[in-house]
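Listed here are the chains, written in short residue letters.
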Amino acid sequence: MADAAAPTGTLRGTLGRMRRSIEPATLSAFGCIAVLLLLGSLYSSSFLSPEYLLQQLKVASFLGVIATGMMIVILLGQIDLSLPWVVAVGGMMATAATGWGPIGVALAIPVGIACGVALGLVNGFGVAFLRLPSMVVTLAVNAVAQGLMVVHTGGFSPQDASSPAMRFIATGHSLFGIPNALLVWAAVGAAAVFLLTRTTFGRTVYAIGNRERAAYLSGAPTRTVVMAAFALSGGLSAFGGVLLAGYASKAAQAMGDPYLLPAIAAVVLGGTSILGGRGSYIGTVAGVILITLLQSILSVMQIEEFVRHIVYGVMIIAMLLVYGRSRRYSA
Amino acid sequence: MSGDWPYRLREHRGTLLAFLAFAVMFAIYAFNHPAGLNANVATNAANKGVLLALVAMAQTLVVLTSGIDLSVGMVMVLANCLASVIVVGSGPATALGALAVLGLGGVCGAINGLIVIYGRLQPIVTTIATSAVYYGVALALRRVPGGDINAALADALTGQLFGGVPASLVLLLALVLLVWLPFRRSAIGRAAYAVGSSELAAYMSGVPIRRAKLVAYTLSGLLASVAGLFLTCITYSGEASAANGNTYTLYSIAAVVLGGVSLFGGSGSAIGAIFGALMFRTIGDLLFVFNLEPLWQPLFQGLVLTAAVCLGAVRLLRVRNRLDLYG
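It should be emphasised that the depicted structure is a prediction, and the values quoted were computed from it without experimental measurement.

Engineer: Quick question: what am I supposed to make of the overall build of chain B here?
Structural biologist: Secondary structure summary: chain B contains 14 helices and 2 strands in total. The C-alpha atoms of chain B give 20 Å as radius of gyration, which agrees with the globular expectation for 327 residues (20 Å, within 12%). Over its C-alpha atoms, taken along the principal directions, chain B stretches across nearly 60 × 50 × 40 Å. Going through the 327 residues of chain B one by one, you find that 52% of them count as buried. The contacts in chain B between residues at least 6 apart in sequence include a share of 79% that link residues at least 24 apart.

Printed below as a string of structure tokens:
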């Protein structure tokens, strides 16, 4: 009897742990995805075909990579509004590097990411050391990045076509026809999960998000961590820009603009508290897929553009009202 | 009254600094302008400045309650599109149309407020989502740029009064006297400041938190729609431009920061934000006066904004206890 009971006990224990570790918000987000697919399949059965779903996951990968950085910053209780032009800097500097000859072609992707990291470090310095509100620091860096890119394109007319490597990671297919972009997102996601749950860095990010003063008093290197988090966010945004430039085979000035709001919405819909300290990466994954599906279904149904915007906004508000509400009064 | 001037000076320091910085910049601009400072140059500069100042005022009201309104630009665009449709025709029709535009702005602001207050969502995500909705409505009203506005109204608002005074400045002054000052001096206005300083303390003191926030958000929408109406007067047309909306939202935050309004809420004034907005506009014009390549203008504006933001770090020098750095 005891032998038979033990495995079921552990199984139940594992299931219980799993249920507890997945937050209700994440479950709601996945529930919303299921409802969306169901509604879509009523319209056309092709919404459930593997090709369509794989295509959506590929499109979601770009937002997924970008939202990963945003999530880490939001976990700190901060926000990164420099995302639009850091994405553009990533894409444009990578393609510009491609024009520098063979070495540039080889270094295109790292150059793009490095530029994003540099801008992220400026953000991080302003927030961590100058103690300025992240909303204005990142806004200012966004404006500077825009100015730099305008001077860069206008003054030096750099190359804007992406390198073969960029096109390969953004549009190619590898094993079993899985899009490379999806594999890239999976790798970034796995690294993020490891970083957030298994390292001191991740623990400190959550601690700072809950109460920075307590984290500081516990001896955590809060300023370094904040700076590193913003650098990560900048690097990932720029990497997203590199991927987007590869996907469209060219970089453009306003390429990052459509990604700021979806990135924040995806992170928040995935159950990460905008006040910081709470949230899981699996939730962000759900949020990213949810936003991508919502946009795709609205455009596939050939609804007029203005209705799409209205529905998009109303859906985000509605979903947040269901499970994203904050406590009644904050100090 | 006489003994408390250091306190009063401290309270208005941000506003005064913004005014001084603007005065210096505008003086440089005016003295170096090729045509000199005549009424037309002043009117042109005033029209551009007032447009941003109106949006900045709208942003200030929400920021004072320690919120943020990322939909001000879109409310302006929406009002611009609606104005280009209904503020036309005879005098009474134009007046009714203008009232409807302002009403719509108030409704947009109130929707933001209601969702933030009763839905208990964070202002930043709420206004991101509602700005998508407002943009959709604007697009429905104006699928392609165009439309018209009553020419008499447009000329009156963008022209000159009493032989030389820009009418837009009079409009701005009227709004300060009729909207901002009554709000600032009313119990509701004080409540808005209290909510921005500490919502918990305000709640414990029996301050009408919800009413204060709702009034702040509604007035913010109203001011944004005045900006939209004014934009229509300048351009004589309506355009559902997402880029325009986003730009004005970002510039409004920049103006608020330059104007010495704390983004943490509870301190600053709309008058400071107005000077912040005028300053931000003058920076752009300075480049034109000094014949710098227009190519460098965005970078220059970004660097000035960065410098202004970094001025906020001066408070670090006054911190005695390191723990005060960590909230």
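Past the structure itself, the notes keep going.
Engineer: I would appreciate a short explanation of the overall build of chain A in the present structure.
Structural biologist: Within chain A, the secondary structure is distributed over 14 helices and 0 strands. For chain A, the α and β elements follow one another from N to C terminus as α-α-α-α-α-α-α-α-α-α-α-α-α-α. Relative to the 2.2 N^0.38 estimate, which gives 20 Å for 331 residues, the radius of gyration of chain A is 21 Å and therefore close to what a compact globule would have. Projected onto its principal axes, the C-alpha positions of chain A cover 75 × 55 × 45 Å. Looking at chain A as a whole, 51% of its 331 residues are labelled buried. Within chain A, contacts between residues separated by at least 24 positions form 77% of all contacts whose residues are at least 6 apart in sequence.

Engineer: I tried to follow the interface of chain B and chain A on my own but got confused; where do I start?
Structural biologist: Frequently, the measure chosen for interface size is the accessible area removed from exposure when the parts meet. Contacts between chain B and chain A engage 48 residues on the former and 45 residues on the latter. Those elements giving two or more residues to the side of chain B that touches chain A turn out to be helix 6 (123-141), helix 10 (199-204), helix 12 (242-258) and helix 14 (297-311) of chain B. When residues of the side of chain B that touches chain A are assigned to their parent elements, the largest contribution, 13 residues, is made by helix 6 of chain B. A breakdown of the residues in the side of chain B that touches chain A according to their chemical character gives 35 nonpolar, 11 polar and 2 charged.

Engineer: Explanation requested: unusual backbone geometry in the structure shown.
Structural biologist: Peptide bonds are mostly trans, and most non-glycine residues show a negative phi. If you check the backbone angles, Ser-249 of chain A has positive phi at about 55° while not being a glycine. You can see Ser-249 of chain A is positioned in the loop between helix 11 (222-248) and helix 12 (260-269). Phi is positive for Arg-120 of chain B, which is not a glycine, with a value near 50°. Along the chain, the position of Arg-120 of chain B falls in the loop between helix 5 (91-118) and helix 6. Look at Arg-120 of chain B and you get partly exposed, because 16 C-beta atoms sit within 10 Å.

Engineer: Would you mind showing me how to read helix 12 of chain A here?
Structural biologist: A turn of α-helix holds 3.6 residues, and therefore any two residues three or four places apart point the same way. Taken across its 10 residues, helix 12 of chain A has 10 buried, putting it largely inside the fold. Looking one or two residues beyond helix 12 of chain A, the residue adopting positive phi is Gly-271 of chain A, at roughly 95°.

Engineer: It is not clear to me how helix 6 (residues 134-156) of chain A should be interpreted in this structure. Could you clarify?
Structural biologist: Taking 1.5 Å of rise per residue, 23 residues should cover 33 Å, and helix 6 of chain A covers 32 Å from first to last C-alpha, within 8% of that figure. Positive backbone phi, approximately 30°, marks Ser-157 of chain A, located one or two places after helix 6 of chain A.

Engineer: I tried to follow the confidence of the model for chain A on my own but got confused; where do I start?
Structural biologist: One rule of thumb: low pLDDT means the predicted coordinates there are not for detailed reading. Model confidence for chain A is summarised by a mean pLDDT of 86, while 91% of its residues fall at 70 or above. Across chain A, the secondary-structure element scoring lowest on mean pLDDT is helix 1 (residues 2-21) of chain A, at 57, and the one scoring highest is helix 11 of chain A, at 95.

Engineer: So what exactly am I meant to see when it comes to the packing of helix 7 (residues 164-171) of chain A against helix 8 (residues 180-198) of chain A here?
Structural biologist: Packed helix pairs are specified by the crossing angle of their axes together with the interaxial distance, meaning the distance between the axes. Residue and element names in this part refer to chain A. Here helix 7 crosses helix 8 at 80°, and the two axes come no closer than 5 Å. Here helix 7 lies roughly perpendicular to helix 8, going by the angle between them. Facing helix 7, whose interface residues are Phe-168, Ile-169 and Ala-170, helix 8 presents Asn-180, Ala-181 and Val-184. Its residues assigned to classes, the contact of helix 7 with helix 8 shows 5 nonpolar, 1 polar and no charged.

Engineer: What exactly am I supposed to notice about the environment of Leu-293 of chain A here?
Structural biologist: Residues and elements named next belong to chain A. As for its position among the elements, Leu-293 is in helix 13 (residues 281-300). The exposure class of Leu-293 is buried, given the 21 C-beta atoms found within 10 Å. Measuring from C-alpha to C-alpha, the distance between Leu-293 and Leu-53 comes to 9.0 Å, with 240 residues separating the pair along the chain. Setting aside anything within four residues of it in sequence, one finds Leu-293 in contact with Ile-33, Leu-36 and Gln-56.

Engineer: Help me understand the confidence of the model for chain B in this model?
Structural biologist: Looking at chain B, the pLDDT average stands at 87 and 99% of residues meet or exceed 70. Scored by ipTM, the complex comes to 0.82, with pTM at 0.85.

Engineer: Help me understand the packing of helix 8 of chain A against helix 9 (residues 200-210) of chain A in this model?
Structural biologist: Residues and elements named next belong to chain A. It is the contact of helix 8 with helix 9, at a shortest axis distance of 5 Å, that shows an interaxial angle of 70°. It follows that helix 8 is roughly perpendicular to helix 9 by the angle criterion. Packed against helix 8, whose contacting residues are Leu-195, Leu-196, Thr-197 and Arg-198, the element helix 9 presents Phe-201, Gly-202 and Val-205 at the interface. Of the residues in the contact of helix 8 with helix 9, the class split is 4 nonpolar, 2 polar and 1 charged.

Engineer: Looking at this structure, how should I read the environment of Val-261 of chain B?
Structural biologist: All names here are of chain B. Locating Val-261 in the fold gives a position in the loop between helix 12 and helix 13 (270-289). Measuring from C-alpha to C-alpha, the distance between Val-261 and Ala-129 comes to 25 Å, with 132 residues separating the pair along the chain. The contacts of Val-261, once residues within four sequence positions are left out, are Gly-14, Thr-60, Val-63, Val-256, Gly-268, Gly-272 and Ala-273.

Engineer: Just to check I follow, could you spell out the environment of Leu-16 of chain B for this structure?
Structural biologist: Residues and elements named next belong to chain B. Looking at the secondary structure, you find Leu-16 in helix 2 (residues 13-32). Take Leu-16: there are 15 C-beta atoms within 10 Å of it, and that puts it in the partly exposed class. Leu-16 sits 256 residues away from Gly-272 along the chain, and the two C-alpha atoms are 7.3 Å apart.

Criteria and cut-off values
Residues numbered from 1 in each chain as written. Chains lettered and ligands numbered in written order. Predicted model: local features only at pLDDT ≥ 70, side-chain atom pairs only at ≥ 80, totals over all residues. Helix = DSSP H or I, 4+ residues; strand = E, 2+ residues; numbered from the N terminus. Rg over C-alpha atoms; globule rule 2.2 N^0.38 Å. Buried ≥ 20, exposed ≤ 12 C-beta atoms within 10 Å, placed from the backbone. Contact = placed C-beta atoms within 7 Å. Nonpolar A, V, L, I, M, F, W, Y, C, P; charged D, E, K, R; others polar. Expected span 1.5 Å × (residues − 1). pLDDT = per-residue confidence, 0-100. Axes fitted to C-alpha atoms, helices over the stretch in contact; angles between N-to-C directions. Parallel < 35°, antiparallel > 145°, perpendicular 65-115°, else oblique.

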